[in-house]
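# Observations on chain architecture
Residue-level listing of the chains:
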Amino acid sequence: MEGNHAYSKLGEALVKGDFILTGELEPEKTCDLSHTIQEAKEMAPYVVAANVTDSPLGIVTINSMAASHIIQREADLEVIWQLTVRDVNKLGIAGMIMGGHALGLRNVLSLTGDHTALGDMPESKPVFDLDSATLVKLVREMVDTGKINGHEIEHPPKFHVGCAGNPNAEPMEAEILKIGRKAEAGAEFLQTQVVYDLERTIEFLTEIKKYKVPVLLGIFPMKSYGIAKGFDTFVPGVSVPKDILAKWKGIKTEYKTDKKMQKEAYDQANYEFFKPFIRELRKKNLLSGVHCMAVHYPRVFPKLMEIIQT
Amino acid sequence: MVVITTKKPDEEVFEALQNYKVKKLTVVSCGTCAALCQTGGTEGAEEWRKKLEEKGYEIEAVIVSEDVCDNRVMKKDLRKIDDEVRASDAILTLSCGLGVQSIVEVIQDKYPKKPVLVSNNTKFIGMTERIGRFYLRCRACGDCLLNYTGGICPIATCAKGLMNGPCGGMVDGKCEVDNYERDCGWILIFNRLKAIGRLDLFSMLRDARDWSESGHQQEVIFR
């Protein structure tokens, strides 16, 4: 963290060096956020903050700034507002940063965003006026100098700005150098893409340690065999280890008739996989916390809490 | 350098002709870029003559011009067929978008009511591998970065035109757009800069592009 100021609970935790847990909420194509708010309430006792996604995969959803504000207000859970550079130009984004502050948001995660061509509105103009590094730079300029392009902002925004990093990226060296640029731009925390490969994660985190950006490890506890298989098949560049898939398949078969037992077995299996994984990285002093990206699986949080508290 | 064009579907061209109630027309075909793209030239001109005649259109003149996009050349070439142009309800241009607009500029004072139509779509400024294989490698964006990106343009080769790539959509050097079949532009840049021993340039944080001069019609005037 730059200096010792904190504008949010997340900022405070990072300044203090607490080992933290963050979650993820994925608002959908709807104007009614009740389901997401319910999920937010369930994870709220365990996480410092939760990400609110910005039309992932380019599939249009309710605007992430509006959703972030409503979730924060209704669920009493601090959010990390995900903001992509895909849909709005620099001028628009600068306005959104002020608007986001006015709506009570204090953490923003700078993302490129999946290309419009991938989603359900492929005819939309892909903007990408900024990129994930220059958005970090823009936020830091507005927050730290109280100016935008040299022009005074009457009441400047206060934000902690984070970025993403992908330990699975190949060539890894290009990804590492890119994170160097985001660090130079002023990123205050980094959330990783989902990881399953411990050795690769160690190598990656060791390499980026020099940038001194606190890292929250992206994990994806798998709620069921179907979700594990789907994740393995449909998320490019991330593969779920074969032994994990086999274990999850085993649970599905073994507790076919007893859904309650099946749920408990999945939760326990996640606990058993992620506990040593996280412990190893923590031991090496490579982590500041864990970011759980498993949406619609809030019941896993007590188990994760147990992991990070031991 | 070639302005790459592809043919519009015939129905779209005929629809435009009908929309303007055209019966008699002059065809102007580009003998340079469009000829290379097989969307113009002598062959294209003959192809369109046949198609139009089959549909009952009267052809007043068909010319192949070397530089449809050059106002001077167009003035000269159209002057030679001025009677035919006068007799035509419209001009059909087998060229890129520049060609059409060049003809409009040249004839609009003399023939203010005469529509100029086009049979092609203009795709991009292309690099030629061989005839029939053209690639977008430059977006003519006005502020060339190539000295710092290993001679590979991120604006043209990155699907998002990012100044600081690669993004999270890169998997094994491929781009998320088009199902991971095309190279990630930023990995091409990374590999090239690595090969020439200049990863320091790759590590540079680049500012966002400056679009402040893009808000008006662009021109280059040096005399």
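It should be emphasised that the depicted structure is a prediction, and the values quoted were computed from it without experimental measurement.

## What to know about the overall build of chain A
- Along chain A, the regular secondary structure elements total eleven helices and ten strands.
- The C-alpha radius of gyration of chain A comes to 19 Å, within 12% of the 19 Å expected for a compact globule of 310 residues.
- Counting only C-alpha atoms, chain A reaches 65 × 45 × 35 Å along its principal axes.
- The buried share among the 310 residues of chain A stands at 48%.

## Here's the deal with the interface of chain A and chain B
- Taken residue by residue, the interface counts 29 residues in chain A and 25 residues in chain B.
- The element that contributes the greatest number of residues to the side of chain A that touches chain B is helix 6 (residues 172-185) of chain A, accounting for seven residues.
- Its residues placed into classes, the side of chain A that touches chain B shows 13 nonpolar, eight polar and eight charged.

## Some remarks on the pairing of strand 2 (residues 24-30) of chain B
All names here are of chain B.
- Among the seven residues that make up strand 2, six are buried, leaving the element largely enclosed by the rest of the structure.
- Looking at chain direction, strand 2 and strand 3 (residues 58-65) are connected through seven bridges and run parallel. Its bridge partner being in strand 3, Val-28 is matched across the sheet by Ile-63.
- Note: strand 2 against strand 4 (residues 90-94), five bridges, orientation parallel. Residue pairing across strands places Ser-29 opposite Leu-94, the latter belonging to strand 4.

## Quick notes on the sheet that holds strand 10 (residues 289-292) of chain A
Residue and element names in this part refer to chain A.
- The parallel closed barrel is built from eight strands, whose spatial order is 1-2-3-4-7-8-9-10. The mean angle between the axes of side-by-side strands here comes to 25°, regardless of whether they run parallel or antiparallel.
- Relative to strand 8 (residues 189-194), strand 7 (residues 160-165) is paired through four bridges, and the arrangement is parallel. Within the sheet, the bridge partner assigned to Ala-164 lies in strand 8 and is Gln-191.
- Along the sheet, helix 11 (residues 301-309) makes contact with strand 1 (20-25) and strand 10, crossing strand 1 at roughly 155°.

## Observations regarding the sheet that holds strand 6 (residues 120-130) of chain B
All names here are of chain B.
- Reading across the sheet, the three strands line up as 1-6-7 and stay open at both edges, with antiparallel pairing between neighbours. Here the strands that pair on one side only, and so sit at the sheet edges, are strand 1 (2-7) and strand 7 (133-136). Geometrically, the sheet is characterised by an average inter-axis angle of 65° between neighbouring strands, direction not taken into account.

## Remarks on the domain arrangement of chain B
- Per the domain assignment, the segments of chain B are domain 1 (2-125) and domain 2 (141-203).
- A C-alpha centroid distance of 38 Å is found between domain 1 of chain B and domain 2 of chain B.

Rules used throughout
Residues numbered from 1 in each chain as written. Chains lettered and ligands numbered in written order. Predicted model: local features only at pLDDT ≥ 70, side-chain atom pairs only at ≥ 80, totals over all residues. Helix = DSSP H or I, 4+ residues; strand = E, 2+ residues; numbered from the N terminus. Rg over C-alpha atoms; globule rule 2.2 N^0.38 Å. Buried ≥ 20, exposed ≤ 12 C-beta atoms within 10 Å, placed from the backbone. Contact = placed C-beta atoms within 7 Å. Nonpolar A, V, L, I, M, F, W, Y, C, P; charged D, E, K, R; others polar. Pairing = 2+ DSSP bridges. Axes fitted to C-alpha atoms, helices over the stretch in contact; angles between N-to-C directions. Domains from an automatic or database assignment.

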